[in-house]
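# Examining the three-dimensional arrangement
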Amino acid sequence: MVVPCLLVLSYAFFQRGVWGGIEYTFTLENFARVADPLYAKIFLNSARIALTTTAIAILIAYPAAYAISRAPRMRQPILLFFAVLPFWSNYLIRTYAWMVLLNREGLINNMLRSFGYTGEPLSLLYTEAAVITGLVYNYLPFVILAIYSTLSRLNPELMEASRDLGAGPVRTFFRVTLPLSLPGVAAGGVFVFVLSIGNFVTPALLGGGRFQMVGNLVYDQFLTANDWPFGAALGAALIVTMIVLLFVQARATARASGESREAQA
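None of the values given here were measured: they were computed from a predicted structure.

Taken N-terminus to C-terminus, the directions of helix H3 (residues 37–70) and helix H7 (residues 128–151) make an angle of 40°; their axes are 6 Å apart at the nearest point. With respect to each other, H3 and H7 are oriented oblique. As for how H3 packs across H7, the hand of that crossing is right-handed. Grouping the amino acids of the contact of H3 with H7 by side-chain chemistry returns 20 nonpolar, 3 polar and 3 charged.

Set out below in structure tokens:
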């Protein structure tokens, strides 16, 4: 894994050949182009879509993970099975399924007609909302599993102690359960953000090419523009962003784990 990545990243320090490919002349111009306002805007737009996807995924996943962790222990494996069931099908198949659901002659518009809607079919496909919906659906199981993993390991005596001291269920949740489960929330959030910001399949299919993200830009540089050095520089910027996020998440998790051990002590 490391050798191919280093090979691709090394291309960022060379020039594009006249007919494409690589000309082995050292340059930093590719990194300067990454900072160009045009490409910086694509990075920021990708980050905004990824953050929106992350927030929605967490809001959906936390109640699901909480419900699974509070279910009888014999039922939890079955509920987790249904949570990860989408992973049993190919990513492309799941994305194409959303195209069938969202197009103007799809299931949603047909259902609206069956309920008496007579207006123009809703334009649900090839929108930013469609891209976010596809990303949330495909990465939601990651967040559910990350949060469930944390919730399932919480010491129930802490919640009992909170109730014994006079705190109600709501206060116990916000003062005890939620803070102790934040490492799982952070881990799931980083998973979704990192995978979403570099995704190129979902924006291409559900966005119809109207919403270009960093992953699409890197893909186009390698396979369409044949500008491997600039594509490698974009990929390097994306990898650095991911590494920083993972580092911050790891530090936050280590700190939260230390605080959790102190609270339990």
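This brings us to the UniProt feature "transmembrane region" (unreviewed entry) in the protein chain. Mapped onto this structure's residue numbering, the UniProt feature "transmembrane region" (unreviewed entry) falls at residues 38–66, 78–101, 129–151, 172–197 and 228–248. Secondary structure over residues 78–101 splits into 75% helix and 0% strand, and the C-alpha atoms at its two ends are 27 Å apart. The straight-line gap between the two end C-alpha atoms of residues 172–197 is 35 Å; of that span, 100% is helix and 0% is strand.

Turning our attention to the packing of aromatic side chains. Summed over all chains, the structure comprises 17 aromatic pairs. Taken together, a centroid distance of 6.3 Å and an interplanar angle of 40° make the contact between Tyr-139 and Phe-142 tilted. Here the residue Tyr-139 and the residue Phe-142 both occupy positions in helix H7, the gap between them amounting to 3 residues, near one helical turn. Taken together through their ring pairs, the aromatic side chains of Phe-87, Tyr-91, Tyr-139, Phe-142 and Phe-191 make up a single cluster. Above the ring of Phe-230, the side-chain terminus of Arg-33 is found at 3.8 Å from the ring centroid.

This part covers the pattern of salt bridges. On inspection of all chains with the given rule, the structure shows 4 salt bridges. Between Arg-104 and Glu-120 there is a salt bridge, with the nearest N and O atoms lying 3.3 Å from each other. Remark: Glu-120 occurs in the loop between helix H6 (107–114) and H7 and Arg-104 occurs in the loop between helix H5 (91–102) and H6; sequence separation between them is 16 residues. For Glu-120, a relative accessible area of 59% gives the class exposed.

Moving on to H3. Taking 1.5 Å of rise per residue, the 34 residues of H3 would be expected to cover 50 Å, and the 49 Å separating its terminal C-alpha atoms lies within 8% of that figure. Bending of H3 peaks at approximately 25° at the position of Ala-61, with proline Pro-63 no more than four residues after it. For H3, the N-terminal cap is Asp-36; the gap from its side-chain oxygen to the backbone nitrogen of Leu-38 is 2.9 Å.

Attention shifts here to the layout of surface pockets. Volume-wise, the second largest pocket comes out at about 210 Å³. Taken together, Gly-198, Phe-200, Gly-215, Val-218, Tyr-219, Phe-222, Gly-235, Leu-238, Ile-239 and Met-242 form the lining of the second largest pocket. For the lining of the second largest pocket, the elements supplying multiple residues, two or more each, are helix H11 (214–223) and helix H12 (228–264). Per-class residue counts for the lining of the second largest pocket are 7 nonpolar, 3 polar and no charged.

A grouping of Ile-78, Phe-81, Phe-82, Leu-85, Phe-87 and Trp-88 is seen on the molecular surface, where their side chains present a nonpolar patch of about 630 Å² in accessible area. Using a relative accessible area of 52% as the deciding quantity, one classes Phe-82 as exposed.

Scoring rules and cut-offs
Counting restarts for each chain: residues are numbered from 1 in the order of the written sequence. Where totals are concerned, whole chains, interfaces and linings use all residues; where local detail is concerned, this predicted model gives features only for residues with pLDDT of at least 70, and gives and counts side-chain atom pairs only at 80 or more. In computing side-chain properties, one takes all heavy atoms of the structure into account and sets aside hydrogens as well as water. Only the stretch in contact is used when a helix axis is fitted, and all axes are lines through C-alpha atoms; the angle between N-to-C directions ranges over 0 to 180 degrees. Note on conventions: DSSP H or I runs of at least 4 residues are helices, E runs of at least 2 residues are strands, and numbering of each starts at the N terminus. We call two directions roughly parallel when the angle between them is under 35 degrees, roughly antiparallel when it is over 145, roughly perpendicular when it lies between 65 and 115, and oblique otherwise. Each helix crossing is assigned a hand: it is left-handed if the near helix lies turned anticlockwise from the far helix by less than a right angle, otherwise right-handed if that turn is clockwise. Under the convention adopted here, Pro, Cys and the residues Ala, Val, Leu, Ile, Met, Phe, Trp and Tyr are nonpolar, Asp, Glu, Lys and Arg are charged, and Gly plus all remaining residues are polar. UniProt positions are given in the numbering used here, feature names are shortened, and annotations may be inferred rather than shown by experiment. Each Phe, Tyr or Trp ring, with Trp reduced to its six-membered ring, pairs with another whose centre is within 6.5 Å; inter-plane angles below 30 degrees give stacked pairs, above 60 give edge-to-face pairs, and intermediate values give tilted ones. Two limits define a charge over a ring: the Lys NZ or Arg CZ must be within 6 Å of the ring centre, and within 35 degrees of the ring normal. The term salt bridge refers to a pairing of a side-chain nitrogen on Lys or Arg with a carboxyl oxygen on Asp or Glu at a separation within 4 Å. Exposure is judged per residue with a 1.4 Å probe applied to protein chains only, and the accessible area is read against the type maximum: over 50% gives exposed, under 20% gives buried, and values in between give partly exposed. Take the number of residues in a helix, subtract one, and multiply by 1.5 Å to get its expected span. Values of bend correspond, residue by residue, to the angle between axes fitted over the seven residues ending at that residue and the seven starting there. Think of a polar contact as two N or O atoms within 3.5 Å of one another; within protein, one of them needs to be a possible hydrogen donor and the other a possible acceptor, and neighboring residues in sequence only count if both atoms come from side chains. For each structure, a 1 Å grid was placed over the protein atoms alone; sets of points admitting a 1.4 Å probe that cannot get out are labelled cavities, open sets with protein on both sides within 12 Å along at least five of seven lines are labelled pockets, and lining residues have an atom within 4 Å of a point. Grid points are joined across faces, edges and corners, and a volume is the space filled by probe spheres set on the points. For patch building, the residue pool is restricted to those with more than 30% relative accessible area and no salt bridge; the joining distance is 9 Å between like charges and 5 Å between nonpolar side chains (Val, Leu, Ile, Met, Phe, Trp, Tyr). In this description, accessible areas are obtained by the Shrake-Rupley approach with a 1.4 Å probe, and a residue is regarded as covered only by the protein chains that are shown.

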